[in-house]
Amino acid sequence: MSLMIYSGYTGYPFPTAPPVDPFAKIRVDDCGKTKGCFRYGKPGCNAETCDYFLSYRRIGADVEFELSADTDGWVAVGFSSDKKMGGDDVMACVHDDNGRVRIHHFYNVGQWAKEIQRNPARDEEGVFENNRVTCRFKRPVYVPREETIVDLHLSWYYLFAWGPAIQGSITRHDIDSPPVSERVVSIYKYEDIFMPSAAYQTFSSPFCLLLIVALTFYLLMGTP
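Residues numbered from 1 in each chain as written. Predicted model: local features only at pLDDT ≥ 70, side-chain atom pairs only at ≥ 80, totals over all residues. Heavy atoms only, no water.

- The protein is annotated in an unreviewed UniProt entry as DOMON domain-containing protein FRRS1L of Patagioenas fasciata monilis.

1. Notes on the nonpolar core
Next up, step 1: With 30 residues, the main nonpolar core has Tyr52, Leu54, Phe65 and Tyr158 as its most contacted residues.
Next up, step 2: Those elements that place two or more of their residues in this core are strand E1 (36-41), strand E2 (52-59), strand E3 (62-69), strand E4 (74-80), strand E5 (89-95), strand E6 (101-109), strand E9 (132-140) and strand E10 (157-163).
Next up, step 3: In terms of residues, this core owes the most to one element, E3, which gives four residues.
Next up, step 4: Setting aside anything within four residues of it in sequence, one finds Tyr158 in contact with Phe38, Leu54, Tyr56, Phe65, Val77, Gly78, Phe79, Pro179, Val180, Ser181, Val185 and Ile187. (Core = buried A, V, L, I, M, F, W, Y, C linked by side-chain atoms within 4.5 Å. Buried < 20%, exposed > 50% of the residue type's maximum accessible area, 1.4 Å probe, protein only. Helix = DSSP H or I, 4+ residues; strand = E, 2+ residues; numbered from the N terminus. Contact = heavy atoms within 4.5 Å.)

2. Brief notes about the packing of aromatic side chains
Working definition: an aromatic ring pair is given by the centre-to-centre distance plus the angle between the planes.
Next up, step 1: One pass over the structure, following the stated rule, counts 10 aromatic pairs.
Next up, step 2: When the centroid spacing of 6.3 Å and the interplanar angle of 40° are considered together, the rings of Phe38 and Tyr158 count as tilted. Pair noted here: Phe38 is in strand E1 and Tyr158 is in strand E10, with a separation of 120 residues, a long-range link.
Next up, step 3: Assessed through its relative accessible area of 3%, Phe38 is described here as buried.
Next up, step 4: It is Arg136 that lies over the ring of Phe23; its NZ or CZ is 4.5 Å from the centre. (Phe/Tyr/Trp six-rings, centres within 6.5 Å; stacked < 30°, edge-to-face > 60°. Lys NZ or Arg CZ within 6 Å of the ring centre and 35° of its normal.)

Right under this line is the structure:
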């Protein structure tokens, strides 16, 4: 897929507001009601305890996103036409060496994330506390047609990723196969979706359940 970079664009302006202090805590009781949420990690986790957390809600002509992850580097969401990395619009919150959390815009070229100078984020907030990177920002629902920025009124698969940063630059994500939404996500539909992390998937697969049943039967019946 070819990558098109636009410079000197004079269309839709993307103003950036200064960070708000203090950072307002992410409310999870609104999940599935007034905003959509994705939680990845331990069952029952929230924005402060999940391995990864994302929420989205429409506010006028914008969509507000909240991201949080158990990392000292970066947390991101990618908007993809499929479930694979490559050709994706990515918003990442990056913790730099000065202790600040800034929102960056990337475009996945194959397995490589290329930073794009044209950043649609506005009203940025970010904080690094308790070894977590947490942020909040808005971006417009509709944008002029451009390869590196998708229209959020359309439905996309959401790619969830987080990992370390070196001097404010992102490096490879923490896990080999980062989670992805099971189906395309619409900003017009609010759900509260939980995805168990690998540590909590062990006994949920059909194969493991069958193995447990077989072992239980073997122990109850005894050996010949």
